[in-house]
Amino acid sequence: MKLIRHLLRTPGFLVGATLLGLTLAIAFLPPLVMSLDAYQRVGLAYLPPTAEHWLGTDHLGIDMVALLVAGLRSSLYVGFLAGIIATTLGTLIGVYGGYKGGLIDDLLTACTNLFLVIPSLIVLILLSGSLQEGRSLTLIAVFIGCTTWTWTARAVRAQASSLRSRDHVALARINGYGTLGIVFLHILPYLLSYLFMVFILQTASGILSESVISMLGLGPYDSISLGNLLNQAIRNEALSDGAWWAFFPPMVLITVIAFALYVINTSMEGIFNPRLRK
Amino acid sequence: MTPILEVDRLSLHYRTRFGGRIHAVDDVSFTLQKGEILGIAGESGCGKTTLVSGLMGLLIPPLHRTTGAVRIAGRDILGLTPDEARRTVLGREVSMIPQGALNSLNPTRKVKDLAADVIRSHDERADRSAIHDRLRERFTKIGLDADAVLDAYPVQLPAGTKQRVVIGISTLLNPKIVIADEPSSALDVSTQKAVIRLLFDLLDEGIVSSMIFITHELSLLRHVSSRIAVMYAGQIVELGTTEQVIFDGRQPYTRALMGSMLSAEPGQKARKPVAIEGAPPYLGQELHGCRFAPRCPVAKPDCAGRDQVLREVKNHWVRCHHAE
Amino acid sequence: MPSDSLCFEANHLSRAFGHGRRRRLAVNDATFTIREREIVSLVGQSGCGKTVLAKMLLRLEKPTSGQLLFRGRPIDAAADPREHWRQVQAVFQDPYAAFNQFFSIRSQLKAAFHLFPQRPSEREMEERVDQALLAVNIRPPDIEGKYPFELSGGQMQRMLLARIFILRPQVLIADEPTSMVDACSRAGILEYLMKLKEELQMTIVFVTHDIGLAYYVSDRIFILHEGQIVEQGTPDAVTQSPTSPVTRQLLDDIPSLHREWIGRAPRA
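Please read these numbers as outputs of a predicted model, since none were measured by experiment.

Definitions and limits used
Residues numbered from 1 in each chain as written. Chains lettered and ligands numbered in written order. Predicted model: local features only at pLDDT ≥ 70, side-chain atom pairs only at ≥ 80, totals over all residues. Heavy atoms only, no water. Helix = DSSP H or I, 4+ residues; strand = E, 2+ residues; numbered from the N terminus. Rg over C-alpha atoms; globule rule 2.2 N^0.38 Å. Buried < 20%, exposed > 50% of the residue type's maximum accessible area, 1.4 Å probe, protein only. Contact = heavy atoms within 4.5 Å. Areas by Shrake-Rupley, 256 points an atom, 1.4 Å probe, with all protein chains shown as cover. 1 Å grid on protein atoms, 1.4 Å probe; cavity = no way out; pocket = protein on both sides within 12 Å on 5 of 7 lines; lining within 4 Å. Points joined across faces, edges and corners; volume = space filled by probe spheres on them. Nonpolar A, V, L, I, M, F, W, Y, C, P; charged D, E, K, R; others polar. Salt bridge = Lys/Arg side-chain N within 4 Å of Asp/Glu carboxyl O. Polar contact = N/O pair within 3.5 Å; in protein donor to acceptor, adjacent residues only side chain to side chain. Pairing = 2+ DSSP bridges. Axes fitted to C-alpha atoms, helices over the stretch in contact; angles between N-to-C directions. Parallel < 35°, antiparallel > 145°, perpendicular 65-115°, else oblique. Left-handed = near helix turned anticlockwise from the far one by under 90°. pLDDT = per-residue confidence, 0-100. Core = buried A, V, L, I, M, F, W, Y, C linked by side-chain atoms within 4.5 Å. Phe/Tyr/Trp six-rings, centres within 6.5 Å; stacked < 30°, edge-to-face > 60°. Lys NZ or Arg CZ within 6 Å of the ring centre and 35° of its normal.

**Points about the overall build of chain B**
- Across its full length, chain B carries 10 helices and 12 strands.
- Over its C-alpha trace chain B gives a radius of gyration of 21 Å, about what one expects of a compact globule, namely 20 Å for 324 residues.
- Judged by the C-alpha coordinates and their principal axes, chain B covers about 70 × 55 × 40 Å.
- Evaluated residue by residue, chain B yields a buried proportion of 55% over its 324 residues.
- Within chain B, residue pairs in contact and separated by at least 24 positions form 62% of the contacts whose partners lie at least 6 positions apart.
- Of the roughly 14,100 Å² of accessible surface on chain B, a fraction of 50% belongs to carbon and sulfur atoms.

And the structure:
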């Protein structure tokens, strides 16, 4: 409770939360008040903004607002899914290794480091490129999650191994709790605030990663994402045509979400960390 | 002689969320002379830690002054805002050696940077080499290998050295008064002794002029302080010279504290220590009568109904109307 | 009275931490015995290895070399360590750190029943928790629904002791149980320890940095320094005719009421 009140008094958090709320509103409110169809042509290609179509049309003559709303939803979906996968995977591996120590820890750490030195973006590009068919939004999210869990694992391992030597863990052991019980009851609760921050960061980087591979043309075939919009804009010469409305709004949205999540993360760090140190 | 510090009928309270007040310090008065070491004894929750905040002028809400004053060289420091107090009182006039001092150093910065911050916070224009020379001189003076220690990170130092560093940094600005708030609890006896020796050296060198030593170990105060104030439930219940309080305590709480001490003098089988049963009263309510009466082994029927005042008994101050 | 049968027997016991040049022996070649129903104190400065040694007796740390027998069998003879912990239990120095801050105290006391292959009925568990609380002078309603940070240090230390009253082990490892509590609560904690000893005929290994305290409670004292046991004997022998300079230093450093301590008079 006190923490939440503290958070609400932190300017960084307020800015981040407002921006995040705004993007969420853009993603979910418009369909309620107007009819938007991201697959319906409404006019000529690259129509400049008008009163009817606030942000004009794309190269196929589809309303940009409709495309943006759909793209934003996909991007958020990819980000959250990738964030959940990366956080869960990294946490399980990190906590288990950190708590167990010894050979298991050495093996898991070696494994983590191995994945860590492979540049995940290149792996992502290769993976997406090798899959010609069925590159769905969900699959892309899974790819991203599976290539970015490594630094979560490293950070969590460090935390877990310092918790391991704490007295309450020793007491849990002589209470007869096994590894699973200790990890879930006596280590994870102490990491919750930290994991929440990790999750936010992973979500932000998930959104960015998706945008990058989509912009390169390796994004999902089945949906519209912000990165896809950029890719389309590049491929159909929006830049040389001066159709700024085709690439500028998605760019701004990507920047704003990532910025909002990063700011929320840093402001929370300032508040949670004194507790973590204690 | 005018005292260096004068605490005059000081009462402090915390405001609770629901508009109530917790009277953590109640009607506390004492003086501290130049060169003197005053011991303050009492169990946790007796108001010592709140009193320390008052002595440093740090009344940060929800802590507020009810009445009274804390005067250093005649100036009431409780009239200052916490910011002013931090700038003009902390470190120069009063400095505290924190509880659990070993973990109070930021682990990500070198000792010299931590120490330089203290000097800069009071003298923004001090230049790098002057600061460095000053740190070297001071750290050498307190028996540290200055060059090695200043360049180290706190975690690289052994516990005993870290303790010295904490004390060295808190006294960099030559404060008049050092408050040692249980600097020795949870330390082993040998480290504790070394800490106290260092504090004595600081006094002898004239780096600090007076000290307030707060602990729950009366046996320690026996060797450290010249006078002792015993606190219970926010009040001073006995105030006298160390000899008077320890060997001729007149307040039943003081005696109970002595009785609970384990005086295991190796070589002779120890007297059985007697715990003080029960807990101190909750300070968030109006209290009437003697506050120790419910736990007092010699309480009489009239104790519970009678507010106690400090009065002179046997040349020192006692808060108990039965004491003689 | 201590009996003649052995509770613990250690032969050339060592425990090292770190590898290569950073390798350090926390316990170095310790050989000793502890008899049933004996109170033995492990005394030394911080970092002397007393806590690591205690953790080995608790089967929380594995020796790197040497042999440690519990009642004649290697301490890790049973595959399930819970068998050891049903007989050997512990109280720790900092009760706030020893309890999980996210769960109520009562639920954590009840967690001790995890040690038994067949847990007693819900009602019996509640009753045994209540009895244990009363044994340490805490009224059960006083801690109902409370979390560790809501109780005082003295109360929390008694919670650790209540856990022992629930489990009723035959051996207790007490790791500095009084160093974090007020002087006036310390006597109370010691009293409960003695009560446990009388009631359960317990063997107690008492870890402390205060040789005066060790003198007061124990049948025998081991003095530790840099991982080695430098002296062992009865309290009178160790305190009256210490053979090791380490012991003499420890004795010298206790602030006593009647003896010169720091070599200068209190200032006037």
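**What about the layout of surface pockets?**
Residues and elements named next belong to chain B.
- As a volume, the second largest pocket reaches approximately 610 Å³.
- Forming the walls of the second largest pocket are 24 residues, and the residues nearest its centre are S95, M96, V118, I169 and S170.
- Secondary structure elements with two or more residues in the lining of the second largest pocket: α2 (82–88), β6 (94–97), α3 (111–120) and α6 (159–170).
- Considered class by class, the residues forming the lining of the second largest pocket number 13 nonpolar, eight polar and three charged.

**Observations concerning the interface of chain C and chain B**
- On the chain B side, the residues contacting the 39 residues of chain C number 45 residues.
- If you look at where chain C meets chain B, you find three salt bridges.
- For D253 of chain C, the salt bridge goes to K193 of chain B, with nearest N and O atoms at 3.3 Å.
- Inspection of the region where chain C meets chain B yields three residue pairs in polar contact (both at pLDDT 80 or more).
- Elements with a contribution of two residues or more to the side of chain C that touches chain B: α8 (183–200), α9 (211–217), α10 (235–240) and α11 (245–253) of chain C.
- The greatest single-element share of the side of chain C that touches chain B, amounting to seven residues, is contributed by α8 of chain C.
- Taken together, the residues of the side of chain C that touches chain B sort by class into 18 nonpolar, 11 polar and 10 charged.

**Examining the pairing of strand β3 (residues 39–43) of chain C**
All names here are of chain C.
- Counting buried positions over the five residues of β3 gives five, a clear majority of the element.
- Judged by which residues are buried, β3 turns out to be covered on both faces: I39, S41 and V43 on one side and V40 and L42 on the other are all buried.
- Sheet topology note: the β3/strand β9 (residues 220–225) ladder contains four bridges and is parallel. Along β9, the bridge assignment pairs V43 with I223.

**As for the packing of α6 of chain B against helix α7 (residues 189–204) of chain B**
Residue and element names in this part refer to chain B.
- Remark: α6 packs on α7, axes separated minimally by 10 Å, with the N-to-C direction vectors making an angle of 30°. When the interaxial angle is binned, α6 and α7 end up roughly parallel. In this structure, the crossing between α6 and α7 has a hand that is right-handed. Contacts between α6 and α7 involve Q163, R164 and I167 from the first element and A194, V195, L198, L199 and L202 from the second.

**Section: the sheet that holds strand β6 (residues 88–91) of chain C**
Residue and element names in this part refer to chain C.
- The strand order across the open sheet formed by six strands is β6-β7-β8-β3-β9-β10, and the pairing between neighbours is mixed. Whereas interior strands pair on both sides, the edge strands pair on one side only; in this sheet they are β6 and β10 (228–233). Sheet twist, expressed as the average angle between the axes of neighbouring strands with direction ignored, equals 20°.
- As defined by bridge partners, β3 adjoins strand β8 (residues 203–208) across five bridges and the pair is classed as parallel. Paired with I39 across the bridge in β8 is I204.
- The strands that helix α7 (residues 153–167) touches are β6 and β7 (171–175); relative to β6, the one it contacts most, it runs at about 165°.

**Let's talk about the environment of A214 of chain C**
- Residue placement: A214 of chain C occurs in helix α9.
- If we ignore the near neighbours within four places in the chain, the residues touching A214 of chain C are S41, V43, T208 and I221 of chain C.

**So, empty space enclosed by the protein**
Residues and elements named next belong to chain B.
- Inspection of the entire model under this criterion finds four cavities of 30 Å³ or more.
- Computed from the structure, the second largest cavity encloses a volume of approximately 70 Å³.
- Around the second largest cavity, the lining residues are Q251, P252, C290, F292, C296, V298, A299, C303, Q308, C320, H321 and H322.
- Of the residues belonging to the lining of the second largest cavity, the class tally is eight nonpolar, four polar and no charged.

**A few points about the confidence of the model for chain B**
- For chain B, the mean per-residue pLDDT works out to 85, and 94% of the residues sit at or above 70.
- Both scores are given for the predicted complex: the pTM is 0.81, the ipTM 0.89.

**A few points about the environment of V15 of chain A**
- Position of V15 of chain A relative to the elements: it lies in helix α2 (residues 11–28).
- Sequence spacing of V15 of chain A and F259 of chain A is 244 residues, and the spatial spacing of their C-alpha atoms is 9.9 Å.

**Some details on the side chain of S223 of chain A**
Residue and element names in this part refer to chain A.
- Its location among the elements puts S223 in the loop between α9 (179–215) and α10 (226–235).
- The class of S223 is buried, set by a relative accessible area of 17%.
- Residues in contact with S223, not counting those within four places in the same chain, are Y39, S74, L137 and N228.

**Structural notes on the nonpolar core**
- In this structure, F8, F32, M159 and L196 of chain C are the most contacted members of the largest nonpolar core, which totals 78 residues.
- The dominant element in this core, judged by the number of residues it contributes, is α7 of chain C, at nine residues.
- Excluding residues within four positions of it along the chain, F32 of chain C makes contact with F8, E9, A10, L53, L57, F222, I229 and Q232 of chain C.
- Formed by 65 residues, the second largest nonpolar core is a distinct cluster that contains L114, A146, I196 and I207 of chain B.

**Quick look at the packing of aromatic side chains**
- Scanning the model with the defined rule gives 11 aromatic pairs over all chains in all.
- On the basis of an interplanar angle of 20° and a centroid distance of 6.4 Å, the ring pair of Y147 of chain C and F149 of chain C is categorised as stacked.
- By relative accessible area, which is 60% here, F149 of chain C ends up exposed.
- Through a chain of ring-to-ring contacts, three or more aromatic side chains come together here, namely Y232, Y253 and F292 of chain B.
- The cationic tip of R15 of chain C hangs over the ring face of F17 of chain C; the distance from NZ or CZ to the ring centre is 4.3 Å.

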